[in-house]
Amino acid sequence: MRWFIFFSIVFLSEFIFSQQKFSFPIDTVDITGNFGEIRNNHFHQGLDFSTKGKENYPVKSISEGYIYRIKVSPAGFGKVLYIHHPNGLLSVYAHLNSFSDKIENFVFNYQKNYHSNNIDTLLPENLIKIKSNEIIGYSGNTGSSTGPHLHFELRDELTEIPINPFFYFDIKDTTKPVIHKIIFYDLSDTISPKPIFTNKKSDSIIVPSITGIAFSGIDKIYPKGNPNNIYKVSIYLDNQKIYQHRLHQITFDNTIYVSYYSEKVHNQIFQKCFTSHLYPNFFYDTLINKGRIILKDTNYHTLKISFCDESNNCVDTILFIKTRQQPTFKKISIKNLILCNQPTHIKNQYFELFIPEKSLFNDIDAKIFYNQEKKQIQFTHTPLPLKFPAKLAISHHLNLSELNKTVLASHSRYYIPDSFNVNKIYFSVKELSNFYLYTDLKSPTVKPLHLNTKKKAIILTSQQNKIYFKVSDNTTIKNYTVYFNSQFCKSYYYASKGLIVAELPSELIATDENFIQITLTDIVNNFTQKSYKIIFSF
């Protein structure tokens, strides 16, 4: 009943809201990333609008509403706005360079009151009202962005589940998807199915009796546009629909499903039209035998695969397939099998790991062990994200001062301990990967980019109101503040560049001797404070 209600809400919201077309959030309507695009460890959950490598294009609200949430962070979305609309949708505008004046004033006062440039706050209803097509900010390259652009999302108000924004804009698309390659998998192996390649150019193919397909392909909104993902794939076996998925919504806890849904084979990304043992139900409209094609005879069968974009531009591939064997699943005899449907508990003298059930989408053949030579917990598999955090306890011989400065390092991030005692240190981890303890005893470093070494000061002209600092740390910068004399300065940390940009107050209170003071704190609370003399050459 719960799933029925959930799907009913989603269906109704798509039907009702998609009838309304919004104005675009930016005038440079060049979509370079679409909803459901395959990224390194997640599905893309919005639209990317190109800004031609430039910043500070006006960003506008797609409809009337009020500011629901504001977040400023050196990672993720960087500077981002969330707008609540009366029709039950939230719109999200990410990687902004700056906000409009009325929003910027609110943000600066909030930062100044809390002595923090990083903020994440929910605003009372109608505190900051927004009109349709009102400029709310300017495009940028903040957060984890790899280049200037606007990332835009639409979310359901009740669930905050991202939904495909394509249907809410008047986008003219007459370009059909392009399919580069279709491959088959031998799915008689339920643990590590392998792709099968055929050099035959014929449309008649011999396949395993239990098989599944994967495809490599793209879709373009404009003939010369950016390659995007394909919205919908349907499979028909002897004219009966056996499979269909649509990239219409993706929940946050299931975006990691991309690690199971897609696979790089011979430097091409293939998307699988069959599921792992566990899978997000909403992803699939039709799913017979989990997408597995089971051939029970040796006759030829007609396989039609239809690829469609959001504008229903479709291209079909028709193949004739047959098998030479009876359908039989391979027997599993694997020592190091980690099952997705039950909890896993590994314990030895070096560490203890508990993985909750359904944290993985598939059973995996992998070993997790301690490498004494490297002093690492090693995972004999490519790193895998977890739907639910695993608990990891590691034995140690650290003293108290070292424990307070120790994190867990993986291939992608640092973890702060949940707790520790004289024997063990405890973490919650969001992935299976190689892990090691790292003790960071070094404070962050900072250096002004334009320091006059002769005068030992930063010299500013009347045209300059920004000061740039190069910073580095062995782990991650957590907090940073900049003050001109005693005045709080608006500043932003570009983590990917190791750069802090500080803006002098608009109402500058200068004295005979002026100083800029910068304070940095990393995730284990190593602390650096530096003060530099400022000389104005007006």
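A quick note: this is a predicted structure, and the numbers were derived from the prediction, not measured. (Residues numbered from 1 in each chain as written. Predicted model: local features only at pLDDT ≥ 70, side-chain atom pairs only at ≥ 80, totals over all residues. Heavy atoms only, no water.)

Visitor: Could you clarify how one ought to interpret the overall build of the chain in this entry?
Guide: Helix and strand counts for the chain stand at four helices and 44 strands. Sequence separation of at least 24 residues holds for 67% of the intrachain contacts in the chain that already meet a minimum separation of 6. Counting every atom, the chain has about 26300 Å² of accessible surface; 51% of that belongs to carbon and sulfur. Where the 59 positive side-chain charges of the chain centre and where its 45 negative ones centre are 5 Å apart. (Helix = DSSP H or I, 4+ residues; strand = E, 2+ residues; numbered from the N terminus. Contact = heavy atoms within 4.5 Å. Areas by Shrake-Rupley, 256 points an atom, 1.4 Å probe, with all protein chains shown as cover. Lys, Arg positive; Asp, Glu negative; His and termini not counted. Charge placed at Lys NZ, Arg CZ, Asp CG, Glu CD.)

Visitor: Mind showing me how you'd approach the sheet that holds strand β44 (residues 527-536) here?
Guide: Strand pairing in a sheet relies on backbone hydrogen bonds. The paired strands run either parallel or antiparallel. Read from one edge of the open sheet, nine strands run β36-β39-β42-β41-β40-β43-β44-β38-β37, paired in mixed fashion. Each edge of the sheet is formed by a strand with only one pairing partner; in this case those strands are β36 (445-448) and β37 (451-452). In this sheet, β44 lies alongside strand β38 (residues 457-460) in parallel orientation, the contact comprising four bridges. Bridge pairing in β44 places Leu-460 opposite Phe-536. (Pairing = 2+ DSSP bridges.)

Visitor: How do you make sense of unusual backbone geometry when you look at a structure like this?
Guide: Positive phi, normally seen in glycine, also occurs at Asp-238, with a value near 50 degrees. On the secondary structure map, Asp-238 appears in the loop between β16 (232-237) and β17 (240-246). We note that His-266 has phi near 50 degrees; this positive angle belongs to a residue other than glycine. Turning to its location among the elements, His-266 is positioned in the loop between β18 (262-265) and β19 (268-272). By relative accessible area, His-266 is classed as exposed at 63%. (Buried < 20%, exposed > 50% of the residue type's maximum accessible area, 1.4 Å probe, protein only.)

Visitor: In this structure, what is going on with the side chain of Glu-160? I would like to understand it.
Guide: Among the structural elements, Glu-160 can be located in the loop between β10 (149-156) and β11 (162-163). At 3.3 Å, the side chain of Glu-160 and the side chain of Arg-155 are in polar contact. The residues touching Glu-160, leaving out its near neighbours within four places in the chain, are Tyr-68, Leu-90, Arg-155 and Phe-252. (Polar contact = N/O pair within 3.5 Å; in protein donor to acceptor, adjacent residues only side chain to side chain.)

Visitor: Sorry if this is basic, but what is going on with the nonpolar core here?
Guide: A general tendency of soluble globular proteins is for nonpolar side chains to be buried together. By size, the foremost hydrophobic cluster in this structure holds 60 residues, and its most contacted members are Leu-303, Ile-321 and Ile-368. Ranked by residue count, the leading element in this core is strand β30 (residues 384-395), at five residues. If near-sequence neighbours (up to four positions away) are discounted, Leu-303 is found in contact with Phe-184, Ile-213, Ile-235, Tyr-236, Leu-237, Ile-293, Thr-317, Ile-318, Leu-319 and Ile-321. With 56 residues, the next largest nonpolar core counts Ile-67, Tyr-93, Leu-123 and Val-471 among its residues. (Core = buried A, V, L, I, M, F, W, Y, C linked by side-chain atoms within 4.5 Å.)

Visitor: In this structure, what is going on with the side chain of Thr-51? I would like to understand it.
Guide: The residue Thr-51 is located in the loop between β2 (47-50) and β3 (58-60) in this model. Within the structure, Thr-51 has its side chain in polar contact with the backbone oxygen of Lys-54 (distance 2.7 Å). With residues up to four places along the chain from it excluded, the contact list for Thr-51 reads Ile-26, Thr-28, Tyr-57, Ser-139, Pro-148, His-149 and Leu-150.

Visitor: Just to check I follow, could you spell out the environment of Ser-443 for this structure?
Guide: In this fold, Ser-443 is placed in the loop between β35 (436-439) and β36. Using a relative accessible area of 33% as the deciding quantity, one classes Ser-443 as partly exposed. Each C-alpha atom, one on Ser-443 and one on Leu-520, is 8.6 Å from the other, the two residues being 77 residues apart in sequence. Other than its neighbours up to four places away in sequence, Ser-443 contacts Asp-473, Asn-526, Phe-527 and Thr-528. Within polar-contact distance, the side chain of Ser-443 engages the backbone oxygen of Phe-527 at 3.2 Å.

Visitor: Can you walk me through the packing of aromatic side chains in this structure?
Guide: Where two aromatic rings form a pair, the distance of their centres and the angle of their planes describe that pair. Throughout the structure, instances matching the rule amount to 29 aromatic pairs. Where Phe-469 meets Tyr-532, the ring centres are 6.3 Å apart and the plane angle is 40 degrees; that geometry is what we call tilted. Of this pair, Phe-469 sits in strand β39 (residues 466-472) while Tyr-532 is found in strand β44, placing the two residues 63 residues apart along the sequence. Linked through ring pairs, Phe-43, Tyr-243, Tyr-257, Tyr-260, Tyr-261, Tyr-279, Phe-283, Tyr-284 and Phe-361 together constitute an aromatic cluster. Here Lys-367 stacks its cationic end above the ring of Phe-369, 5.5 Å away from the centre of that ring. (Phe/Tyr/Trp six-rings, centres within 6.5 Å; stacked < 30°, edge-to-face > 60°. Lys NZ or Arg CZ within 6 Å of the ring centre and 35° of its normal.)

Visitor: Got a minute to help me understand the environment of Gln-244 in this structure?
Guide: Turning to its location among the elements, Gln-244 is positioned in strand β17. Accessibility expressed as a relative area gives 9% for Gln-244, which makes it buried. Spatially, the C-alpha atom of Gln-244 lies 24 Å from that of Asp-363, the residues being 119 residues apart in sequence. Among residues more than four places away in sequence, those in contact with Gln-244 are Lys-232, Val-233, Ser-234, Tyr-284, Asp-285 and Thr-286.

Visitor: What's the story with the sheet that holds strand β33 (residues 419-420) in this structure? I'm lost.
Guide: Pairing within the open sheet is antiparallel, and its five strands lie in the order β25-β26-β30-β34-β33. Lying at the two open borders of the sheet, with one neighbouring strand each, are β25 (344-347) and β33. Across four bridges, the pairing between β25 and strand β26 (residues 351-355) is antiparallel. Residue pairing for β26: Thr-344 is matched across the bridge by Ile-355.

Visitor: I tried to follow the state of the cysteines on my own but got confused; where do I start?
Guide: Note on terminology: a disulfide is the covalent bond linking the sulfur atoms of two cysteines. Throughout the structure, instances matching the rule amount to one disulfide. Disulfide pairing places Cys-308 opposite Cys-314 at an S-S distance of 2.1 Å. Taking the sign of the torsion about the S-S bond as the criterion, the disulfide between Cys-308 and Cys-314, at about 110 degrees, is right-handed. Taking relative accessible area as the criterion, Cys-308 reaches 4% and is therefore assigned buried. For Cys-314, a relative accessible area of 24% translates into the label partly exposed. (Disulfide = S-S within 2.5 Å.)

Visitor: I keep staring at the pattern of salt bridges and nothing clicks. Help me out?
Guide: Think of it this way: side chains of opposite charge can pair up when their charged atoms draw near. Applying the stated criterion across every chain, the model contains 18 salt bridges. One salt bridge in this structure joins Glu-37 and Arg-39, with 2.8 Å as the shortest N-O distance. The exposure class assigned to Glu-37 is buried, which follows from its relative accessible area of 11%. Given a relative accessible area of 27%, Arg-39 falls into the partly exposed group. Glu-263 serves as the salt-bridge partner of Lys-272, at 3.6 Å between the closest nitrogen and oxygen. (Salt bridge = Lys/Arg side-chain N within 4 Å of Asp/Glu carboxyl O.)

Visitor: So what exactly am I meant to see when it comes to the pairing of β10 here?
Guide: Along any regular strand, the residues point their side chains to alternate faces of the sheet. Most of β10 sits inside the fold, with eight of its eight residues counted as buried. Judged by which residues are buried, β10 turns out to be covered on both faces: His-149, His-151, Glu-153 and Arg-155 on one side and Leu-150, Phe-152, Leu-154 and Asp-156 on the other are all buried. Pairing analysis gives four bridges linking β2 to β10, with the strands arranged antiparallel. By the bridge assignment for β10, Leu-47 is matched with Phe-152. As judged from the two bridges shared by β10 and β11, these two strands associate in the antiparallel manner. Bridge assignment links Leu-154 to a residue of β11, and that residue is Ile-163. Hairpin connection between β10 and β11: a loop of five residues separates the two successive antiparallel strands, and Glu-160 in this loop has a positive phi of roughly 60 degrees.

None of the figures reported here should be taken as evidence of function without further support.
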